[in-house]
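# A structural walkthrough
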Amino acid sequence: MWKKIRKVLKWLLILLVAIILLGIIVNLICKLLAKSKLQDAYGQAVTVDGKSMRVDIRGNGEGPVIILLSGFGCASPVLELEPLSAALSQDYLVVTVEPFGYGLSDGTDKDRTIENIVSELHSCVETLGYEEYYLMGHSIGGLYSLYWANQYPQEVIGYIGIDPSVPGMNDEQPFPISVSAINKLSGYLTKVMNVVGLNRLLSAGHPEKAIYADTSYPYTQQELEVFRILSLDNAYNSTVINEINHLDVNVETARGMRFPDHVSVLEFVSSSNCDLMSSWEQLHHDVLPENGRGEVIRLEGSHYLHFEYLDQIVEYAKDWVK
């Protein structure tokens, strides 16, 4: 009896391995065939450290400049933040920058320390010729904005954060394992599902199932397909995984930092994170300029407030960006 059971389990295991290998091969072929669809799909390339960094520029060239930074692991910062950049571009010049490893930007072997990431992003903005600007960052983009403002205070006029990461956020652990460990597990799981072709299969004919975006925005079918391809083929690449491994160190590097006194700061925090971590809202007050030129607004929603409160965020921004 047990001999028969072992034999059945053996063949089931062989079948499972064969299915996984077939999925990997088919997924690799689909990835190669889809590569041509990404060629200059959006934005323009800027050379930074000998590599290509993708930016999207839109809006009123006479208005103040806003630099948009996405959250960690975003498959396409330009496409995810397009609803926000489109709304802001009615009054401002909006520049969405994709860090190395994100969207259509090249990957890099350079460690993803906060020093390297911010230096590269700043070089991109400097190459574009912007000498004064506002920073607007979601999630980890907020932590990089804080470090950026302290490294280049003569350039940063103001900052708007969308449930941004902040120093000290790892001090309170609401889960049995750390938030960093959860990010790593999520990243590796997504990577595995992409490599074996499962996510590609689940999203076939329905690109919106493979992306995380504000689906109420009228994306074109081409944009949805490009977003899908990037989510399936580029998400959690080696550059982004390196960033995960430096997350705790990067948060610690910014410990004790506040925005410079001349920088006007507006931060939106989500009720979901405030409920999860009792210190979340206070940590955002702790990084405001010491002269009181800052405000923290709590909104009833998830971490992706720019999906849920787009109009309100844009209206608030108009009071801060002059």
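Look up a bit, the structure's there.
Notes on the structure follow.

About the criteria used
Residues numbered from 1 in each chain as written. Predicted model: local features only at pLDDT ≥ 70, side-chain atom pairs only at ≥ 80, totals over all residues. Heavy atoms only, no water. Patch = residues over 30% accessible without salt bridge, like charges linked within 9 Å, V, L, I, M, F, W, Y side chains within 5 Å. Areas by Shrake-Rupley, 256 points an atom, 1.4 Å probe, with all protein chains shown as cover. Salt bridge = Lys/Arg side-chain N within 4 Å of Asp/Glu carboxyl O. Helix = DSSP H or I, 4+ residues; strand = E, 2+ residues; numbered from the N terminus. Phe/Tyr/Trp six-rings, centres within 6.5 Å; stacked < 30°, edge-to-face > 60°. Buried < 20%, exposed > 50% of the residue type's maximum accessible area, 1.4 Å probe, protein only. Contact = heavy atoms within 4.5 Å. Polar contact = N/O pair within 3.5 Å; in protein donor to acceptor, adjacent residues only side chain to side chain. Pairing = 2+ DSSP bridges. Core = buried A, V, L, I, M, F, W, Y, C linked by side-chain atoms within 4.5 Å. Axes fitted to C-alpha atoms, helices over the stretch in contact; angles between N-to-C directions.

## What about a nonpolar patch on the surface?
On the surface, Trp2, Ile5, Leu9, Leu12, Leu15 and Ile19 cluster together to form a nonpolar patch covering roughly 640 Å² of accessible area. Note on placement: Leu15 falls in helix α1 (residues 2-34).

## Quick word on the packing of aromatic side chains
Using the criterion set out here, one finds 8 aromatic pairs in the structure. Summarising the aromatic geometry, the rings of Tyr159 and Phe259 are spaced 4.5 Å apart at their centres and angled 20° between planes, so their arrangement reads as stacked. A residue pair is termed long-range when its members are at least 10 positions apart, and Tyr159 in strand β6 (residues 156-162) and Phe259 in the loop between α10 (247-253) and β7 (264-270) qualify at 100 residues. By the burial criterion, Tyr159 is buried, and Phe259 matches it.

## Comments concerning the environment of Arg255
Looking at the element boundaries, Arg255 is found in the loop between α10 and β7. Judged by its relative accessible area of 40%, Arg255 falls in the partly exposed class. A sequence separation of 151 residues divides Arg255 from Leu104, and the C-alpha atoms of the two residues are 31 Å apart. Look past the residues within four positions of Arg255 in its chain and what remains in contact with it is Pro167, Gly168 and Asp171. A polar contact is formed between the side chain of Arg255 and the side chain of Asp171, at a distance of 2.9 Å.

## Regarding unusual backbone geometry
You will see that Asp163, though not glycine, has its phi angle at about 45°, which is positive. Relative to the helices and strands, Asp163 resides in the loop between β6 and α6 (179-195). With a phi angle near 55°, Tyr236 is a residue other than glycine that sits in the positive phi range. Along the chain, the position of Tyr236 falls in the loop between α8 (221-233) and α9 (238-245).

## Section: the pairing of strand β1 (residues 44-48)
Pairing analysis gives 5 bridges linking β1 to strand β2 (residues 51-59), with the strands arranged antiparallel. Each residue of the ladder has a partner; that of Val48, found in β2, is Lys51. As consecutive antiparallel partners, β1 and β2 are separated by 2 residues, and within that stretch Asp49 has a phi angle of approximately 55°, a positive value.

## Focus: the nonpolar core
Counting residues in hydrophobic clusters, the biggest one holds 55 residues, and the most contacted among them are Ile67, Val97, Tyr133, Trp148 and Phe259. Top element by residues in this core is helix α5 (residues 140-151). It accounts for 7 residues. In this structure, Ile67 is in contact with Val95, Val97, Val125, Tyr133, Tyr134, Leu135, Met136 and Trp148, ignoring residues within four places of it in sequence. Leu81, Ile160, Leu299 and Tyr309 belong to the second-largest nonpolar core, a separate cluster that totals 23 residues.

## Observations regarding the sheet that holds strand β5 (residues 133-138)
The strand order across the open sheet formed by 8 strands is β1-β2-β4-β3-β5-β6-β7-β8, and the pairing between neighbours is mixed. Bordering the open sheet on either side are β1 and β8 (294-299), each of which pairs with just one other strand. Shown here is a sheet whose adjacent strand axes are inclined to one another by a mean of 25°, direction ignored. Examined bridge by bridge, β2 and strand β4 (residues 93-97) share 5 bridges and lie antiparallel to one another.

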